Amino acid sequence: MSEAGAPTPEPREPKAALVFDDPLSRPSEDDTDRGWGERPTGDSAADLARFLDEKPPHHI
């Protein structure tokens, strides 16, 4: 017997499943250039300008 004013339970989201595959079969986040400042397009003049802008002072 249920109460007249009892709230109905909300549906829960399913829990994340555990994955037991080989983690070394997938590339890691560090294996890609994404996030390391690499630009997808290349222009030799822009590359030279970037090199000169980012060159450390002891490499003049």
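Just above sits the structure.
This one's a predicted model, so the numbers in the text were calculated from it and none came from an experiment.

(A) Here's a closer look at a nonpolar patch on the surface. Together, L48, F51 and L52 line one region of the surface with nonpolar side chains, adding up to about 310 Å² of accessible area. Mapped onto the secondary structure, L48 falls in helix 1 (residues 44–54).

(B) Here's a closer look at the pattern of salt bridges. Counted by the stated rule, this structure contains two salt bridges. Note that R50 is salt-bridged to E54, the shortest N-O span being 3.3 Å. Of this pair, R50 and E54 both sit in helix 1, separated by four residues, roughly a single helical turn. With a relative accessible area of 52%, E54 lands in the exposed category.

Reading the values: the criteria
- Residues numbered from 1 in each chain as written.
- Predicted model: local features only at pLDDT ≥ 70, side-chain atom pairs only at ≥ 80, totals over all residues.
- Heavy atoms only, no water.
- Patch = residues over 30% accessible without salt bridge, like charges linked within 9 Å, V, L, I, M, F, W, Y side chains within 5 Å.
- Areas by Shrake-Rupley, 256 points an atom, 1.4 Å probe, with all protein chains shown as cover.
- Salt bridge = Lys/Arg side-chain N within 4 Å of Asp/Glu carboxyl O.
- Helix = DSSP H or I, 4+ residues; strand = E, 2+ residues; numbered from the N terminus.
- Buried < 20%, exposed > 50% of the residue type's maximum accessible area, 1.4 Å probe, protein only.

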